[in-house]
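Here are the chains, one letter per residue:
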Amino acid sequence: MDRRRSESPSSTALREPIRSPWLWVSLVLVVLAGVPFYLPTGTVEPLIGGVPYWLVVSLGATLAFSAITCWACLRAWSLAEPEEEAAAGGSDS
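All values reported here derive from a predicted model rather than from experimental measurement.

**A few points about the packing of helix α1 (residues 21-34) against helix α2 (residues 53-74)**
1) Next: Interaxial distance between α1 and α2 falls to 8 Å at its minimum, and their mutual angle equals 165°. Taken together, the axis directions place α1 and α2 in an arrangement best described as roughly antiparallel. Crossing handedness for the pair α1 and α2: left-handed. For the pair α1 and α2, the contacting residues are Trp 22, Leu 23, Ser 26, Leu 27, Val 30, Val 31, Ala 33 and Gly 34 in the first and Val 57, Ser 58, Ala 61, Ala 64, Phe 65, Ile 68, Thr 69, Trp 71 and Ala 72 in the second.
2) Next: Of the residues belonging to the contact of α1 with α2, the class tally is 13 nonpolar, 4 polar and no charged.

**Side note on a nonpolar patch on the surface**
1) Next: Together, Val 25, Val 28, Leu 29, Val 31, Leu 32, Val 35, Phe 37, Tyr 38, Val 57 and Phe 65 make up an exposed nonpolar region whose accessible area comes to about 890 Å².
2) Next: Elements with a contribution of two residues or more to the nonpolar patch: α1 and α2.
3) Next: Ranked by residue count, the leading element in the nonpolar patch is α1, at 5 residues.
4) Next: Its location among the elements puts Leu 32 in helix α1.
5) Next: Taking the relative accessible area as the measure of exposure, Leu 32 reaches 42% and is therefore partly exposed.

**Details of the environment of Val 35**
1) Next: Mapped onto the elements, Val 35 comes out in the loop between α1 and β1 (47-48).
2) Next: Taking C-alpha positions, Val 35 is 8.6 Å from Trp 54, a pair spaced 19 residues apart along the chain.

**Focus on α2**
1) Next: Its 22 residues give α2 an end-to-end C-alpha distance of 31 Å, which sits within 8% of 32 Å, the value for a rise of 1.5 Å per residue.
2) Next: Each element contacted by the buried residues of α2 is listed here: α1.

Conventions we followed
Residues numbered from 1 in each chain as written. Predicted model: local features only at pLDDT ≥ 70, side-chain atom pairs only at ≥ 80, totals over all residues. Heavy atoms only, no water. Axes fitted to C-alpha atoms, helices over the stretch in contact; angles between N-to-C directions. Helix = DSSP H or I, 4+ residues; strand = E, 2+ residues; numbered from the N terminus. Parallel < 35°, antiparallel > 145°, perpendicular 65-115°, else oblique. Left-handed = near helix turned anticlockwise from the far one by under 90°. Contact = heavy atoms within 4.5 Å. Nonpolar A, V, L, I, M, F, W, Y, C, P; charged D, E, K, R; others polar. Patch = residues over 30% accessible without salt bridge, like charges linked within 9 Å, V, L, I, M, F, W, Y side chains within 5 Å. Areas by Shrake-Rupley, 256 points an atom, 1.4 Å probe, with all protein chains shown as cover. Salt bridge = Lys/Arg side-chain N within 4 Å of Asp/Glu carboxyl O. Buried < 20%, exposed > 50% of the residue type's maximum accessible area, 1.4 Å probe, protein only. Expected span 1.5 Å × (residues − 1).

Structure representation (C-alpha cells):
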C-alpha cells in the first residue's frame, strides 16, 4: 500500500511546496552548480571516463535537479482537498 494513501482524507493537509523558499533556493543552487561558469575558460583536463570533468558535474547537477523536483511532486505535494479525496473514494480510476 502506498504510504501517501495510508492517511485518512480528513487528516491530509493541503500542501504546496512551490510556495516554500527552500525548494526555490535548492533548485537555483543546483542550476548554478550545473552551469560551469565558475571554471576557467577552455578547461578540459582532467578527463573522467574520457569526458571533461565539467560534463560530469553538469550531469550530476541535472540528476540532483530531477531528484529534488520528483521528491517535491511525489512526496511533499498534496493538492487534493479532503472533500475531493472522500468523493473519489480513494480509488485511482
